[in-house]
Amino acid sequence: DPQQTELATASKRKLRRFIVIDEVVDKLYGSKVREYFEENNVQHKILALPTTEETKSMDLVLNILHEVQSFSLDRRTEPIIAIGGGVCLDIVGLAASLYRRRTPYIRVPTTLLSYVDASVGAKNGVNFLQCKNKLGGYTPPVASFLDRSFLQSIPRRHISNGLGEILKMALMKHKGLFDLLKNHGKYLLDTKFQSCNSFAHHGDAALQTTRIAIETMLEELAPNLWEDDLDRLVDFGHLISPELEMRVLPSLMHGEAVNVDMAFMTYVAHARGLLGAEEKEQILQCMRGLELPVWHSGCSWALIQRALRERLKHSGGQLRMPLPTGLGVADIFNDTSEETLERAYKLWVKD
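Because the structure is a prediction, the values reported are computed rather than measured. (Residues numbered from 1 in each chain as written. Predicted model: local features only at pLDDT ≥ 70, side-chain atom pairs only at ≥ 80, totals over all residues. Heavy atoms only, no water.)

Participant: Would you mind going over the packing of aromatic side chains with me for this structure?
Facilitator: Here a ring pair, both rings aromatic, is described through the centre-centre distance and the interplanar angle of the planes. Evaluated as defined, the whole model comprises 7 aromatic pairs. Considering the side-chain rings of Tyr29 and Phe150, the 4.9 Å spacing of their centres and the 80 degrees angle between planes classify their relative orientation as edge-to-face. On the criterion of sequence distance, the pair formed by Tyr29 in helix 2 (residues 23-39) and Phe150 in the loop between strand 7 (143-144) and helix 6 (156-173) is long-range, its members being 121 residues apart. The pair Tyr29 / Phe150 is uniform in exposure class, with both members buried. Among the aromatic residues, those joined into a cluster by ring pairs are Phe264, Trp301, Tyr345 and Trp348. Just above the ring of Phe71 sits the side chain of Arg16; from NZ or CZ to the centre is 4.2 Å. (Phe/Tyr/Trp six-rings, centres within 6.5 Å; stacked < 30°, edge-to-face > 60°. Helix = DSSP H or I, 4+ residues; strand = E, 2+ residues; numbered from the N terminus. Buried < 20%, exposed > 50% of the residue type's maximum accessible area, 1.4 Å probe, protein only. Lys NZ or Arg CZ within 6 Å of the ring centre and 35° of its normal.)

Participant: How should I be thinking about the side chain of Asp117 in this particular structure?
Facilitator: As for its position among the elements, Asp117 is in helix 5 (residues 112-118). It turns out Asp117 is buried and unbridged, and the closest side chain with the opposite charge, Lys168, is 4.7 Å from it. (Lys, Arg positive; Asp, Glu negative; His and termini not counted. Salt bridge = Lys/Arg side-chain N within 4 Å of Asp/Glu carboxyl O.)

Participant: Please clarify how helix 4 (residues 86-98) should be interpreted in this entry.
Facilitator: For an α-helix, 3.6 residues make a turn, and residues three or four places apart therefore share a direction. Taking 1.5 Å of rise per residue, the 13 residues of helix 4 would be expected to cover 18 Å, and the 19 Å separating its terminal C-alpha atoms lies within 8% of that figure. Among the 13 residues in helix 4, 11 count as buried, and that is most of the element. Within the span of helix 4, buried status applies to Val87, Cys88, Leu89, Asp90, Ile91, Val92, Gly93, Leu94, Ala95, Ala96 and Ser97. With its phi angle positive at about 50 degrees, Arg100 sits one or two positions after the end of helix 4. (Expected span 1.5 Å × (residues − 1).)

Participant: Help me understand the domain arrangement of the protein, please; the structure alone is not making it clear to me.
Facilitator: When the parts of a complex come together, some accessible area is lost, and that lost area is often used as the size of the interface. Domains assigned within the protein are domain 1 (15-151) and domain 2 (155-223 + 232-350). On a C-alpha basis, the centroid separation for the pair domain 1 and domain 2 is 27 Å. Contacts between domain 1 and domain 2 engage 19 residues on the former and 29 residues on the latter. Of the roughly 1,900 Å² buried where domain 1 meets domain 2, counting both sides, 68% is carbon and sulfur surface. Sorting the residues of domain 1 by area buried against domain 2 places Leu112, Leu113 and Arg148 first, and these three jointly supply 33% of that buried surface. In this structure, the connection of domain 1 to domain 2 is made through 1 salt bridge. Run the count over domain 1 and domain 2 and you get 4 residue pairs in polar contact (both at pLDDT 80 or more). Elements represented by at least two residues in the side of domain 1 that touches domain 2 include exactly helix 5, strand 5 (123-128) and strand 6 (131-138). The residue makeup of the side of domain 1 that touches domain 2, split by class, is 8 nonpolar, 4 polar and 7 charged. (Domains from an automatic or database assignment. Contact = heavy atoms within 4.5 Å. Buried area = accessible area lost by both parts, 1.4 Å probe. Polar contact = N/O pair within 3.5 Å; in protein donor to acceptor, adjacent residues only side chain to side chain. Nonpolar A, V, L, I, M, F, W, Y, C, P; charged D, E, K, R; others polar.)

Okay, structure coming up:
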């Protein structure tokens, strides 16, 4: 906003920023972040924290809020900045939403998963009583700044992890995105989503893939930001994965757990006659090409039953099960029988 920029630059008061950064990201980029604020004459406090699923708790939120209080933020003109992966963005979003009832915050995602998922939408939260994101709210950031150069330094497995959420949107909404992943998946893993002119035959697959993933996510989230409508295609891969992810921590990352869920649900769609055998195989081959797990020993029949019971409790007494009905098309189903689910599970385990 030019008017706000003019006010900020005309003000005699020194600019101030409070930054929460994941401690691993701080080791890699902390010196550049500090240099940036020093060069721009911004008074700043940088809080480096371990932001993992195991530390994603109200204790860490309160730790942040103690530091925010001592820094003495102006809750309207001095946004909190979160730099890190999805866990960091979730924790800081919740802290900002609680401080003086709502303090603006900015998301700077540094992993592929957070780039295409946590950066978009309004949700924030922490784990509670061994349940994923049991405490949280809906407070969108004032901005998300997306910079793919952060992805250069993350391990290959983290790239694959983010590809799980991108594949979710491809299977639910966009055949073109599915084809991009199928044809360029290895290239995206090898180049870590950097745009490389020397690989002209790939086009700019990194830019296309991330842009389509974010646009399709926004199409789904923007009209239903506060989840008033519980029929959500973006819940694909999220019916069983929250229970599985928390049960087997830290052996599965979020996108990996989502992909195990999606692989099982692909079998459910096949058992229901929504997907042919060839389409099912294409999906599984794409998952393997993205180096994502298509099965996990922790995903037992008992865990699936327990997870779906939880789903019924929190989705108005209906399963609201998103399932692919082809490649890039999907629908929500409430009538999948236990017999169909068990048949799909047995075939999945056998394969």
